[in-house]
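Structural characterization, general
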Amino acid sequence: VAKRMTDEECPPISISEKKSRFTMTKYLPVFEWLPRYTRFKAVSDIIAGITLGLTMIPQSMAYAVLAERIPQYGLYSCFVGGFVYIILGTTKEVSIGPSSLMSLVTLQYTRDMPQDFVILLCFLTGCVQFLMSVLNLGFLVDFISIPVTSGFISAGALIIVIAQLQGFLGLKYKSKSITDNLYQLFKNINNVRLTDFTLGISSFIFLLILKKLKDIDYPCMRNKKDARRNEIIKKVLWYFSILRNALIVFITSTIAYEFEANTGSIPFRLSGKIEAGIPKISLPPFSSQVGNQTYTFLDMCAHYGLGLGLLPIISVSMNIAIAKAFAVDTSINATQEMLALGVCNMLSSFVSSLPISGAFTRSGVGSASGVQTPMAGLYSGTMALLALSFLTPYFYYIPRATLSAVLISAVLPMIDLKIIKVLWKGSSKTDAIAATGTFVLSILIGIEIGLLLGIFFNLIIFIRFFARSTFQIDNCKTHLGNKYIMLKFDTCLHYPAVTSFYDKVMNLATKDVPLIINCKTFTSLDYTSIKGIETLSKKLNYEKNQFWLLNLNSDIVQNFDIFADNKYIRLIKKKENIADVLYNDALSNKNSEDLINVPLNSQQEDSEFISEELILMSPLECKIRQQ
């Protein structure tokens, strides 16, 4: 009979084995959840993945149109990222693919350029993200505050809505900015196609109604006795609501097809022909031909400019924001998200993808569909591959007005101006200025410049905080009657705050009351801070001891020995020693004054005694007191 091993009999796991397992799950999170993958999770992921695929396919085509690319490139961007994120991803709700903001920013750096520029930008975005993960630069995302992010997203959504109006109205023109877009729109207002406008409005209303379909309180569901029937009805309505994008694309494409079959013409502008089949796998292009000009790799990088740094940051920021919004009970590893996105973008570029990231709309659908693990990306990606293999001939009939309606309905909820109104009600207006400034500048100057200026403004406020030393001032008295002023710092002293610290201490300094700084919050001091304290000590302790350092740790004391002249540095080891140190120092100062005030004839008589006393006092004045 086989004997079951008890916990005591099980062979212990070595430290090296534990470390290797931790490293594997840290960089390959799939090994953390895959051993616990159950049948329930598998079924849930299949349902969520199919639902995501039906949402992603029409949206990705719309995102490609937003980037001024043909719709098939949106489909090319749908599957590789989802497959890779299964292995490297940390958040089950994140669905990797094209997104509205990424397409909008991509357009800023690849406008009027061939697809080669988009593919290489996708590859380089991944390379930068991968490098940032290797250097553990995930913390950089934390410097983008919520107000700046909100202003940027709202501005981006508004720009997208205005950009899609031409497809919504059946117009066709090129524009370089939001102001140029509005100018071209009013200039061509007489060319609005009524059929496209009617289809666009109808599609938009249809999408809004179906979005609210699951939230309506129906009279037929008020009967609490038939709970099973109510649950079935609720589930059916929920599916209709979730699949609204696929439904409207199917309905309007069928209408366009029927028009061609019955009348021989189609009254709507269509998406155009899409190349059938899965894209060929090839290396990203490292040069490109634009007319008669050949762009080398360096030329293409120079053309991207700030986009090489901005696009990776935006992509990671979106993923982190999604993870924070949905993964409430787990910590977010920004560095791992950078690694996952970097590999996703690099490998996606081999199939001619747009730069990709997570998207709030897809994450909302996945969460509502009951997604359990990143495995849902396998099924949504497979749906995109099936669509490319079998449905591309029918994608020709998708009206542009429908894709515009899909995109407008997706980004319209992202315009959040309420937060700006709330921020202006607060006592501090810096966040309100950051959000409003980012929003306005993104619209007037450009989406990428607005974000950069918003981040720069936040950094100025952040640096300004460290450039102003703050401490609590307490007037104290020992049990022996010696008065002193205690300065308690809120944080450690850093070099930008040294000048402010020096000025404040000098304003507090008096000849009668010594100053004691409680250095308990000083975990470390840089060279500039140490030299600032040295300068204060020389200034205040030159005639008599007025400036003391309390609770300074041994590492900082060692740095003082290396970087500073300790002649005038005065230390007190513990708070309990303050009374004795100040009392003894006061006595020493009194004796020094008595010696200085001795009559001249008495000095001449006792010159040898006085010299001896001064020699004995000198070392006492120079040494660092640690009692």
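Sequence order as written defines residue numbering, which begins from 1 separately in each chain. A pLDDT threshold of at least 70 governs which residues receive local features in this predicted model, and a stricter bar of 80 or more applies before side-chain atom pairs are shown or counted, although totals over entire chains, interfaces and linings include all residues. Side-chain figures throughout are based on the complete set of non-hydrogen atoms in the structure, without hydrogens or water.

As recorded in an unreviewed UniProt entry, the protein goes by the name Sodium-independent sulfate anion transporter, listed as coming from Acromyrmex echinatior. Of the comments in the UniProt record for the protein, the one headed Subcellular location (unreviewed entry) reads "Membrane". UniProt positions are given in the numbering used here, feature names are shortened, and annotations may be inferred rather than shown by experiment.

**What to know about the overall build of the protein**
In DSSP terms, a helix is any run of H or I states spanning at least four residues, a strand is any run of E spanning at least two, and both are numbered starting from the N terminus. Looking only at helices and strands, the protein features 28 helices and seven strands. Exposed residues in this analysis have more than 50% of their type's maximum accessible area, buried residues have under 20%, and partly exposed residues fall in between, with area computed by a 1.4 Å probe over protein chains only. Across the 627 residues in the protein, those meeting the buried criterion constitute 48%. It only takes one pair of heavy atoms within 4.5 Å for two residues to be counted as in contact. For the protein, contacts bridging at least 24 residues in sequence account for 79% of all contacts bridging at least 6. Throughout, the Shrake-Rupley method with a 1.4 Å probe supplies accessible areas, and for residues the shown protein chains are the sole cover considered. For the protein, the exposed area adds up to about 32,200 Å²; of that, 61% sits on carbon and sulfur atoms.

**Section: the packing of aromatic side chains**
Pairing of aromatic rings covers Phe, Tyr and Trp, the last counted by its six-membered ring, and requires centre-to-centre distances within 6.5 Å; plane angles under 30 degrees mean stacked, over 60 mean edge-to-face, and any other angle means tilted. Per the counting criterion, the structure on display carries 18 aromatic pairs. Arranged with centres 5.3 Å apart and planes meeting at 80°, the rings of Phe117 and Tyr295 form a pair that is edge-to-face. Taken together, the positions of Phe117 in helix H7 (residues 115-134) and Tyr295 in strand E2 (residues 293-295) put the pair 178 residues apart, joining distant regions of the chain. The same class applies to Phe117 and to Tyr295, which are both buried. Aromatic ring contacts, followed pair by pair, group Phe123, Phe286, Phe297 and Phe350 into a single cluster.

**As for the nonpolar core**
Grouping buried Ala, Val, Leu, Ile, Met, Phe, Trp, Tyr and Cys residues that are joined through side-chain atoms within 4.5 Å yields what is termed a nonpolar core. Ranked by internal contacts, the top residues of the largest apolar core, which has 96 residues, are Met61, Phe152, Tyr304, Ile314 and Phe395. Broken down by element, the residue count for this core peaks at nine residues, all from helix H8 (residues 146-163). For the domains described, the bounds stem from an automatic or database domain assignment. Here this core spans two domains, and each of domain 1 (39-220 + 227-436) and domain 2 (438-467) adds at least three residues to it. In contact with Met61, not counting residues within four places along its chain, are Pro71, Leu75, Ile274, Phe395, Ile398 and Leu403. Counting 27 residues, the second largest nonpolar core, distinct from the first, contains Phe489, Leu515, Ile530 and Ile569.

**A closer look at helix H18 (residues 376-395)**
By this rule, a helix spans an expected 1.5 Å times one less than how many residues it contains. Taking 1.5 Å per residue as the helical rise, H18 with its 20 residues ought to reach 28 Å, whereas the 24 Å between its terminal C-alpha atoms falls clearly short. One axis fitted to the seven residues ending at a residue, another fitted to the seven starting there: the angle between these axes is the bend at that residue. Taken as a whole, H18 carries its principal kink of about 60° at Ser389; the proline Pro393 stands between one and four residues after it. Along H18, the positions that sit buried rather than exposed are Ala376, Gly377, Ser380, Gly381, Met383, Ala384, Leu385, Ala387, Leu388, Thr392 and Phe395. Where H18 is buried, its residues contact helix H3 (39-66), helix H4 (72-76) and helix H5 (80-88).

**Some words on H3**
The end-to-end C-alpha separation of H3 is 39 Å, in line with the 40 Å expected for 28 residues at 1.5 Å each. In H3, a bend of some 30° at Met56 exceeds every other bend along the element, and Pro58, a proline, comes one to four places later. With 20 of 28 residues buried, H3 is to be regarded as a mostly interior element. Glu68 sits one or two positions beyond H3 and adopts a positive phi of about 60°.

**A few points about the sheet that holds strand E7 (residues 571-572)**
A sheet is described by the order of its strands in space; here five strands give the open sequence E3-E4-E5-E6-E7, paired in mixed fashion. Looking at the sheet topology across the chains shown, the edges are occupied by strand E3 (471-477) and E7. Whether two strands pair depends on DSSP finding at least two bridges between them. The pairing of strand E5 (residues 515-518) with strand E6 (residues 547-550) spans four bridges and is classified as parallel. For Ile516, the partnering residue across the bridge sits in E6 and is Trp548. Inter-axis angles, ranging from 0 to 180 degrees, are taken between N-to-C directions of lines fitted to C-alpha atoms, where helices are fitted over the stretch in contact. In this fold helix H24 (residues 527-540) packs onto E5 and E6, with an angle of close to 140° to the strand it touches most, E6.

**What about the pairing of E3?**
With seven bridges connecting them, E3 and strand E4 (residues 483-489) associate as antiparallel partners. Note that in E4 the partner of Asp474 across the bridge is Met486. Hairpin connection of E3 to E4: five residues between the antiparallel strands, including Gly481 at a positive phi of 95°.

**A word on unusual backbone geometry**
Non-glycine residue Ser352 carries a positive phi angle of around 65°. Assignment of secondary structure puts Ser352 in the loop between helix H16 (334-348) and helix H17 (360-368). The residue Asn551 is not glycine, and still its phi comes out positive at about 60°. Exposure remark for Asn551: the relative accessible area of 27% places this residue in the partly exposed category.

**Remarks on the state of the cysteines**
In a disulfide, the sulfur atoms of two cysteines are held together by a covalent bond. The criterion for a disulfide is a pair of cysteine sulfur atoms lying within 2.5 Å. Under the criterion given, the structure shown has zero disulfides. Cysteine Cys301 remains unbridged, with the sulfur of Cys127 as its closest cysteine sulfur at 9.7 Å. Take Cys301: its relative accessible area is 17%, and that puts it in the buried class.

**Focus on the packing of H3 against helix H19 (residues 400-411)**
Following both chains from N to C, one finds H3 and H19 inclined at 100°, their axes separated by 9 Å at the closest point. In this view, H3 runs roughly perpendicular relative to H19, as classed from their interaxial angle. Taken together, the residues of H19 that come into contact with H3 (itself represented by Pro58, Gln59, Met61, Ala62, Tyr63, Val65 and Leu66) are Arg400, Leu403, Val406, Leu407 and Ala410. Among the residues forming the contact of H3 with H19, the class breakdown is 10 nonpolar, one polar and one charged. Relative orientations are named as follows: roughly parallel for angles under 35 degrees, roughly antiparallel for angles over 145 degrees, roughly perpendicular for angles from 65 to 115 degrees, and oblique for any other angle. Three classes are used: nonpolar for Ala, Val, Leu, Ile, Met, Phe, Trp, Tyr, Cys and Pro, charged for Asp, Glu, Lys and Arg, and polar for all others, with Gly counted as polar.

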